[in-house]
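Structural overview for review
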Amino acid sequence: MPCSCGKPGRVKLSYTQLTYCKNCFLRLIQHRAQKELRQKAYFKGKDRAAILKDQGKEYFIANWLFEQIFENRLQLRAVKSFGNVRGKKILPSSLDREIKRRLDPFLTGKPSPDEKLLRFPTSLLEEEVIQTCKLIGYKKIKKDPPHPLIDPLEKRSPGTKFALYQSFQEIDSS
Ligand SMILES: [Zn+2]
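The paragraphs below set out a description of the structure included in this document. (Residues numbered from 1 in each chain as written. Predicted model: local features only at pLDDT ≥ 70, side-chain atom pairs only at ≥ 80, totals over all residues.)

This part is about helix α4 (residues 126-136). Every buried residue of α4 is accounted for by Glu126, Glu128, Val129, Gln131 and Thr132. Buried residues belonging to α4 abut β1 (11-12), α1 (22-40), α2 (57-70) and α3 (95-108). A positive backbone phi angle near 100° is found at glycine 137, which sits one or two residues after α4. (Buried ≥ 20, exposed ≤ 12 C-beta atoms within 10 Å, placed from the backbone. Helix = DSSP H or I, 4+ residues; strand = E, 2+ residues; numbered from the N terminus. Contact = placed C-beta atoms within 7 Å.)

Attention now goes to the nonpolar core. One finds Ala33, Ile61, Ala62, Leu65, Ile90 and Leu124 to be the most contacted residues of the largest nonpolar core, which totals 21 residues. Where this core is concerned, the elements lending two or more residues are α1, β3 (48-52), α2, β5 (88-92) and α3. If you tally residues by element for this core, the top one is α2, at five residues. Once you skip the residues sitting within four places of it in the chain, alanine 62 turns out to touch Ile51, Ile90, Pro92, Phe120 and Pro121. (Core = buried A, V, L, I, M, F, W, Y, C linked by C-beta atoms within 7 Å.)

Bringing the environment of cysteine 24 into the picture now. Among the structural elements, cysteine 24 can be located in helix α1. Judged by the 18 C-beta atoms lying within 10 Å of it, cysteine 24 is partly exposed. Linking cysteine 24 and valine 11, residues 13 residues apart in sequence, is a C-alpha distance of 9.6 Å.

What follows is the structure, given as structure tokens:
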């Protein structure tokens, strides 16, 4: 199936029948990430921030998105640990990781990890992170283990993860 712009479709996702060409898919991803940053209001003007460089796919896409969105307006430093970092600390993430972080304390009874970190991007599914990384040239992709509760649900009703994300947004803004 071709992309809605008429070019051959290259990207197929689990939750929609649509296929995307490279340009339209990357634009979709960038717009969603931009919206996320606007909603969260993490940065204003020439902020300084540190991002954890763990070499994973989430770091790779977060860094790419910051470059696309802020160009040089954000003073972003890549660090191997947050040990001595002051100011804003960004932990590379994904929507799947955000679901795990927010639900697992309820499921396991264990408290959730450090709340002072800013997580980004949390509006993109892991499968979208993977597709984006492939298109922008990151090859060492390692998938996270599936969530025992959420992934089977998502398989049965595609869109469950987005619905959960929506609920988190509503909780955060209430
Ligand atoms: Zn297209």
